[in-house]
Amino acid sequence: MPTVLDRLRRRYETTDKKCPACGYVDTERNWESRTDGGRVVYRHVCPSCDASREHTFRLT
Ligand SMILES: [Zn+2]
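Residues numbered from 1 in each chain as written. Predicted model: local features only at pLDDT ≥ 70, side-chain atom pairs only at ≥ 80, totals over all residues. Heavy atoms only, no water.

**With respect to the coordination of the zinc ion**
In ideal tetrahedral geometry, four donors around a metal make angles of 109.5 degrees, whereas ideal octahedral geometry with six donors gives angles of 90 or 180 degrees. Bound to the zinc ion are the protein donor atoms C19 (SG), C22 (SG), C46 (SG) and C49 (SG), situated 2.3 Å from the metal. Taken together, the four donor atoms surrounding the zinc ion define angles of 106 to 112 degrees at the centre, an arrangement classified as tetrahedral. The sequence motif formed by the donor residues of the zinc ion is C-x2-C-x23-C-x2-C. Of this pair, C22 sits in the loop between α1 (3–15) and β1 (32–35) while C46 sits in the loop between β2 (39–45) and β3 (52–58); the two residues are 24 residues apart in sequence, bridging distant segments of the chain. Residue classification places C22 among the partly exposed residues on the basis of a relative accessible area of 39%. (Donors = N, O, S within 2.8 Å, 3.2 Å for Na, K, Ca; no water. Tetrahedral: all angles 85-135°; square planar, octahedral: opposite > 155°, others 65-115°. Helix = DSSP H or I, 4+ residues; strand = E, 2+ residues; numbered from the N terminus. Buried < 20%, exposed > 50% of the residue type's maximum accessible area, 1.4 Å probe, protein only.)

Below, the structure is given as structure tokens:
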């Protein structure tokens, strides 16, 4: 995988740890990334309340 994707994921892992729904701070870095070729999606599911959030990037 391109290193730019790793950098993006790491950015979320280090800056977006707090669940906006319940305030839980996830120190386990549960961000997942997947790609369908045209874009990459980073998804996090809160281990406390199961709220999920995603960030999507287009690969150009
Ligand atoms: Zn939560």
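**A few points about the environment of V41**
Mapping V41 onto the fold places it in strand β2. C-alpha of V41 to C-alpha of A51: the two residues are ten residues apart in sequence and 16 Å apart in space. The contact partners of V41, leaving out residues within four places of it in the chain, are E32, S33, R34, E54, H55 and T56. (Contact = heavy atoms within 4.5 Å.)

**Here's the deal with α1**
The end-to-end C-alpha distance of α1 is 18 Å, a good match for the 18 Å that 13 residues give at a rise of 1.5 Å each. Residues L5, L8, Y12 and E13 constitute the buried set of α1. Across the axial projection of α1, the buried residues extend over an arc of 135 degrees, all falling on one side. Exposed side of α1, more than 90 degrees from the buried face: T3, R7 and T15 are the residues found there. Looking at the buried positions of α1, the neighbouring elements they touch are β2 and β3. (Expected span 1.5 Å × (residues − 1). Arc of directions from axis to C-beta.)

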